[in-house]
Amino acid sequence: MLKIDCHCHVFDNDCVPVGGMLASRFGISLSRKAGEWIKKVKGGAEWTSIGNLLSFENFFFDVLALFRQAADRQEKDSLFAVLKSPGDFLAFMKIGRLGIKKIAMELMRRAPQMDIWVPLMVDMSHAYPGSGSARTYETQKEIMSGLVLEAGGRFMPFYGFDPRGKDALDKAVRAIEGQGFVGIKLYPPLGFKPAENEEPGVEEALWNLYAFCCDSRPAIPITVHCSWSAGVYSNEHRPGIGNPKSYYRHLADPAHWRPVFARFPRLKVNFAHFGGLGEWAALAAGDTPRERWSDTILEFMRDYENVYTDLSFHGLVTSPLADGYRKVLEKRIRGVEGKVLLGSDWYMLRIQCPLQNYWRSFETLMPDLYWRAVGENAFKFLASRATKEYFPRFFTANQRDLPKAYREPFNGAVPSSG
């Protein structure tokens, strides 16, 4: 049977607004205030006006937060990774310098046991005002479409949708219907909720997206970032927000999806990361997680036919907590094993461990779940009008043949090897 990595990335450093992202990861107020301080110094400002920038609330809050983060076993963000294993973090940083195509080829080379990969795109252009990337999102999309053709069907990407973008829905529909994309990726911590946003235009774009995905038969799949302990976050200032990182990371709380499922119970959604590595690390160690997002996800999985979750960036399988992780995971997913997917979160995963170690550990630790998650579960999640109709048509329109092995499984045939 063909095996599918349902969650990976192939963007490079030029796709990321590095300044804004670092500010969100390592201290929003700290980075902003430091930048303001530098500008005022260059402008010849007096020390008294500069000193006003360095108030305890605006400057030292993030410094203290960084120390707390470094000492927090449940906090699995980048600073934790740097301090725990600087060698792995350096290996991760080097991959981002390779370029999109080389990163994609490295993914295929380092995971020969996989047959299909699902690269998830993320549009960061609206999250970090004044900190644009070197490569536009439109260009990133064009490169991804080219990779789909070059890989001969082995890449089935999800289009990164941000409801704040101009003509956001039209662009997403074009990506699905004619540019080689088979699903939608949402990343709420970049500055929006899945529902009940204050901005009317954002709400309208999201509800129209859900209607488009549901109106397709079978439904177009959506993968949404759902981790409180790792990820990237907006650094946009909003009135009334005391702790920006906490505010933005909690936009990914699965509870925000209740009004969406109330209106679209058929919507096909994968809650990526199953609540996040920090939560599962605490459960595996016998501790009490600070957040219990997996409870809400499990509720949705049991109540709605098309709700899934993926185990991605779950490097616990290569850690001393591996056996504890296996026991608590198998207990909690009992009855919904058919809705669990597996993803590497390459190349974010390299912060934790090499890709081969990850897949080998999952297969060894939980062989039954491994084969089901990368096989039949993954095909069930990806089966949609996009994989059945639009994806093959994209190849035909570009004078390419989609190999039978990657076409038949989505037409009701039994998945085959090779």
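Residues numbered from 1 in each chain as written. Predicted model: local features only at pLDDT ≥ 70, side-chain atom pairs only at ≥ 80, totals over all residues. Heavy atoms only, no water.

1. Comments concerning unusual backbone geometry
For the record, the criterion: In DSSP terms, a helix is any run of H or I states spanning at least four residues, a strand is any run of E spanning at least two, and both are numbered starting from the N terminus.
The omega torsion of the bond from Arg217 to Pro218 falls at -5 degrees, within 30 degrees of zero and hence cis. Counting through the fold element by element, Pro218 comes out in the loop between α10 (200-215) and β5 (222-227). A cis geometry characterises the amide bond from Trp346 onward to Tyr347, with omega recorded as 0 degrees. Summarising the element assignment, Tyr347 is placed in the loop between β8 (340-342) and α16 (355-365). Residues other than glycine seldom take positive phi values, yet Phe313 does so here, at roughly 60 degrees. Tracing the backbone through its elements, the reader meets Phe313 in the loop between β7 (307-311) and α15 (322-332). Its identity as a non-glycine residue notwithstanding, Gln399 has a phi of 55 degrees, on the positive side. Within the element layout of this structure, Gln399 appears in the loop between α19 (385-397) and α20 (404-407).

2. Describing the state of the cysteines
Convention followed: Pairs of cysteine sulfur atoms within 2.5 Å are identified as disulfides in what follows.
Enumeration according to the criterion identifies zero disulfides in this entry. The thiol sulfur of Cys214 is not disulfide-bonded, and the nearest other cysteine sulfur, from Cys213, lies at 7.2 Å.

3. A word on the pattern of salt bridges
Short version of the rule: The salt bridge definition used is simple: a Lys or Arg side-chain nitrogen within 4 Å of an Asp or Glu carboxyl oxygen.
What the rule picks out here adds up to 18 salt bridges. Note that Asp12 and Arg135 form a salt bridge whose closest N and O atoms lie 2.7 Å from each other. Of this pair, Asp12 sits in the loop between β1 (4-8) and α1 (18-26) while Arg135 sits in the loop between β2 (116-119) and α8 (137-150); the two residues are 123 residues apart in sequence, bridging distant segments of the chain. Two residues, Arg110 and Glu106, come together in a salt bridge whose shortest N-O distance is 2.8 Å. On the criterion of helical spacing, the pair formed by Arg110 and Glu106 is a turn pair, its members being four residues apart in helix α7 (residues 100-110).

4. Observations concerning the nonpolar core
Selection rule: Within this scheme, the nonpolar core is defined by two criteria: the residues are buried Ala, Val, Leu, Ile, Met, Phe, Trp, Tyr or Cys, and they are joined through side-chain atoms within 4.5 Å. Partly exposed describes any residue whose relative accessible area lies between the buried limit of under 20% and the exposed limit of over 50%, with all areas from a 1.4 Å probe on protein chains only and scaled to the type maximum. Contacts are residue-level and defined by heavy atoms, with any inter-residue pair within 4.5 Å sufficient.
Ile184, Leu186, Tyr210, Trp257, Leu267, Phe271 and Tyr325 are the most contacted members of the largest nonpolar core, which totals 127 residues. Broken down by element, the residue count for this core peaks at nine residues, all from α10. With residues near it in sequence (within four places) discarded, Leu186 still touches Phe161, Phe192, Leu209, Tyr210, Ile222, Thr223, Val224, His225 and Trp257.

5. Quick word on the packing of α8 against α19
The test is simple: Helix axes are fitted only over the stretch in contact, all axes being lines through C-alpha atoms; the angle between N-to-C directions runs from 0 to 180 degrees. Angular relationships are summarised with four words: roughly parallel below 35 degrees, roughly antiparallel beyond 145, roughly perpendicular across 65 to 115, and oblique for the angles in between. Polar here means any residue other than Ala, Val, Leu, Ile, Met, Phe, Trp, Tyr, Cys and Pro, which are nonpolar, and Asp, Glu, Lys and Arg, which are charged; Gly is therefore polar.
The geometry of α8 relative to α19 is characterised by a closest axis approach of 11 Å and an angle of 85 degrees between their N-to-C directions. The angle between the axes of α8 and α19 places the two elements in the roughly perpendicular class. Here Ser145, Val148 and Leu149 of α8 come into contact with α19, specifically with Phe391, Phe394 and Phe395. The residue inventory of the contact of α8 with α19, partitioned by class, reads five nonpolar, one polar and no charged.

6. Considering the environment of Pro129
Residue placement: Pro129 occurs in the loop between β2 and α8. Given a relative accessible area of 53%, Pro129 falls into the exposed group. The spacing of Pro129 and Pro17 is 112 residues in sequence and 9.3 Å in space, taken between C-alpha atoms. Sequence-distant contacts of Pro129, defined by excluding residues within four places in its chain, comprise Asn235 and Glu236.

7. Notes on the packing of α7 against α8
In plain terms, the rule: Each crossing is labelled by how the near helix is turned from the far one, with a counterclockwise turn of less than a right angle marking it left-handed and a clockwise turn marking it right-handed.
Where α7 contacts α8, the axes come no closer than 11 Å and their chain directions differ by 40 degrees. Looking at the two axes, α7 sits oblique to α8. The handedness of the crossing between α7 and α8 comes out as right-handed. Contacts between α7 and α8 involve Ile100, Lys101, Ala104 and Met105 from the first element and Ile143, Leu147 and Glu150 from the second. Its residues assigned to classes, the contact of α7 with α8 shows five nonpolar, no polar and two charged.

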